[in-house]
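Geometric and topological summary
Residue strings, one per chain:
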Amino acid sequence: MSFSSQAKNNLSRLIPERACCCRTELLALFRSDGVIHKMDDEQVLMLQFETENAAVARKIFKLLKAMYDISIEVAVRKKRRLKKNNKYMLRVHGQEPVRLVLQDLQLDYADRLEDDYEEDFFLGDCCYRAYLRGSFLGAGSVSSPEGDYHLELTSRHASNAYFLLKAMERYDLKARINKRKGRYVIYLKGSEDIVTFLNVIGAHKKLLEFENVRIIKELRNRVNRGVNCETANLNKIVNTGVRQMEAILTIDRIMGIEKLKVSLREVARLRREFPSSSLQELGDMMDPPLSKSAINHRLRKLEEIADKLR
Ligand SMILES: [Zn+2]
C-alpha cells in the first residue's frame, strides 16, 4: 500500500471531537469530490460524496451519521481494469435531508460550491486543521519520503484552491499552485513543509516514518559526499539519530517543545533541524558553543523525558 494510502487510512480513524471541526472536515471532503444533482426547477435531488479510498468512505459515513439524523446510501463501482481503483459513493437522497446538510455546510444557495468562504464558518485553528485534513483525504496525496518530496492537494474550483493556499499560510507553509487536467494543484516540495503539514492535519505516525526516512537519506548523502564513516559506525549513527528524533517529536506532540527548559529546548530544535549533524557540529551551532559531551548529555535527557511521556 502506498505511503499516501497508509496516511489516509490512519487519518480516517480520526474523528474530530468538536462539532465545528466535523463540519469543516465534511465541507472539505464535499468540496474535494462532491456533487449536487439538481432538477430543472432548481429543486435539489441528491447529494453525493465520492472517494477511491474505503477508509475515507467510512469516515464520511461516520461524520454524516454523527452530524445528521439522515439515511445514507453507499454504492461501490468495482474496478474493471487493472490499476483502476474502486469508487465509493455516499449519497443523501430527498429534498429535506439534502437541504439539511447543505444548509448546515452553508452551501444552501446555487453555486455556493464555487463561491468564497464565510470566515465565520471556521471557529478556530481546530477548524482550519480539519479543513486541510478533509482536503488531503478527499483529493490529496503525499509521496513516500524515499523518493522526491512531494505533497499535494487538488481542487476543481479556483476559490477553494486559493482558500487552501491561505489556510496553509497560517502554518507558514509556502505552497505553490498550478493546474493539471482541469484541476488546481496546491503543492509542497520541502521535507520540512511536508512534515509540518502532516503534523497540522494530525498524521503523527506518518510524520515519524517520514522523518526517519529523511534522516537516513541525509546520513547516506553525507557519507556519499565523502565523510569518513565506516558502515558499522554509520548504522550506529543512524539508529541514534532516529531514536533522538523520535524522542523530540514525541515531546513536541504530547507537551510541546516550548515547555522544555531553555537549555533542552535549544538542543531539541537544533537536532530536529539538523538530523544528520554530529554532536560536535551541534555543539558548535549553540550560542555559546557547547562541548560534545554536554550536547550528548542533553540529548539523553530528552530521550528520558520522551520515555516518561510515552
Ligand atoms: Zn473546530
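Note that the coordinates shown come from a computational prediction; the quantities given were computed from them, not determined experimentally. (Residues numbered from 1 in each chain as written. Predicted model: local features only at pLDDT ≥ 70, side-chain atom pairs only at ≥ 80, totals over all residues. Heavy atoms only, no water.)

A closer look at the overall build of the protein
Looking only at helices and strands, one finds twelve helices and eight strands in the protein. Reported as C-alpha extents along the three principal axes, the dimensions of the protein are approximately 75 × 45 × 35 Å. Taking all 310 residues of the protein together, 47% fall into the buried category. Within the protein, counting contacts between residues at least 6 apart in sequence, those at least 24 apart form 63% of the total. Surface summary for the protein: the accessible area is close to 16,500 Å², and the carbon and sulfur share equals 47%. Put simply, the protein has 55 plus and 43 minus side-chain charges, and the middle of one group is 6 Å from the middle of the other. (Helix = DSSP H or I, 4+ residues; strand = E, 2+ residues; numbered from the N terminus. Buried < 20%, exposed > 50% of the residue type's maximum accessible area, 1.4 Å probe, protein only. Contact = heavy atoms within 4.5 Å. Areas by Shrake-Rupley, 256 points an atom, 1.4 Å probe, with all protein chains shown as cover. Lys, Arg positive; Asp, Glu negative; His and termini not counted. Charge placed at Lys NZ, Arg CZ, Asp CG, Glu CD.)

Some points on the packing of aromatic side chains
All told, the structure shown has ten aromatic pairs when counted by the stated rule. On the numbers, 5.6 Å between centres and 40° between planes, the contact of tyrosine 149 with phenylalanine 210 is tilted. Highlighted residues: tyrosine 149 in the loop between β5 (140–142) and β6 (151–155) and phenylalanine 210 in helix α8 (residues 204–224), separated in sequence by 61 residues. Classification of phenylalanine 210 as buried rests on a relative accessible area of 0%. Taken together, the ring pairs connect Phe121, Phe122, Tyr128, Tyr131 and Phe163 into an aromatic cluster. Taking the ring centre of phenylalanine 136 as reference, the NZ or CZ of lysine 8 above it sits at 5.8 Å. (Phe/Tyr/Trp six-rings, centres within 6.5 Å; stacked < 30°, edge-to-face > 60°. Lys NZ or Arg CZ within 6 Å of the ring centre and 35° of its normal.)

Things to note about the pattern of salt bridges
Opposite charge on two side chains allows them to pair when their charged atoms are near. On inspection of all chains with the given rule, the structure shows 18 salt bridges. When the shortest N-O distance is used, the salt bridge between aspartate 104 and arginine 23 registers 2.8 Å. A residue pair is termed long-range when its members are at least 10 positions apart, and aspartate 104 in helix α4 (residues 95–104) and arginine 23 in helix α2 (residues 19–33) qualify at 81 residues. Residue classification places aspartate 104 among the partly exposed positions, given a relative accessible area of 22%. With a shortest N-O distance of 3.0 Å, glutamate 25 and arginine 133 are connected by a salt bridge. Note that glutamate 25 is positioned in helix α2 and arginine 133 in helix α5 (residues 125–139), a separation of 108 residues in sequence. Taken individually, glutamate 25 and arginine 133 each receive the classification buried, so the pair is uniform in this respect. A network of salt bridges, in which partner residues are shared, links Glu25, Lys59 and Arg133. (Salt bridge = Lys/Arg side-chain N within 4 Å of Asp/Glu carboxyl O.)

Description of α4
Taken together, the buried positions of α4 are Val98, Val101 and Leu102. In a view along the axis of α4, the buried residues occupy a sector of 95°, so they form one face of it. Note on α4: the residue one or two positions beyond its end, glutamine 106, has a positive phi of about 55°. (Arc of directions from axis to C-beta.)

What to know about the domain arrangement of the protein
For the protein, the assigned domains read domain 1 (3–197) and domain 2 (203–309). Residue-level contacts link 14 residues of domain 1 with twelve residues of domain 2. Summing both partners gives a buried area of about 1,200 Å² for domain 1 against domain 2, and 65% of it is carried by carbon and sulfur. Summed over the three residues of domain 1 that lose the most area to domain 2, namely Phe3, Pro145 and Val195, the buried surface amounts to 40% of that side. Along the contact surface separating domain 1 from domain 2 lie one salt bridge. A salt bridge links arginine 214 to glutamate 192; the nearest nitrogen and oxygen atoms lie 3.4 Å apart. Residue composition of the side of domain 1 that touches domain 2, grouped by class: seven nonpolar, five polar and two charged. (Domains from an automatic or database assignment. Buried area = accessible area lost by both parts, 1.4 Å probe. Nonpolar A, V, L, I, M, F, W, Y, C, P; charged D, E, K, R; others polar.)

Observations regarding the nonpolar core
Phe49, Leu132, Met168 and Phe197 are the most contacted members of the largest nonpolar core, which totals 69 residues. Examining the composition of this core, we find that eight residues originate from one element, α2, more than from any other. When residues of this core are sorted by domain, at least three fall in each of domain 1 (3–197) and domain 2 (203–309). Setting aside anything within four residues of it in sequence, one finds phenylalanine 49 in contact with Leu26, Leu29, Phe30, Asp33, Gly34, Ile60, Leu64, Tyr88, Met89 and Leu90. Core analysis: the second largest hydrophobic core is formed by 15 residues, Ile251, Leu264, Ile295 and Leu302 among them. (Core = buried A, V, L, I, M, F, W, Y, C linked by side-chain atoms within 4.5 Å.)

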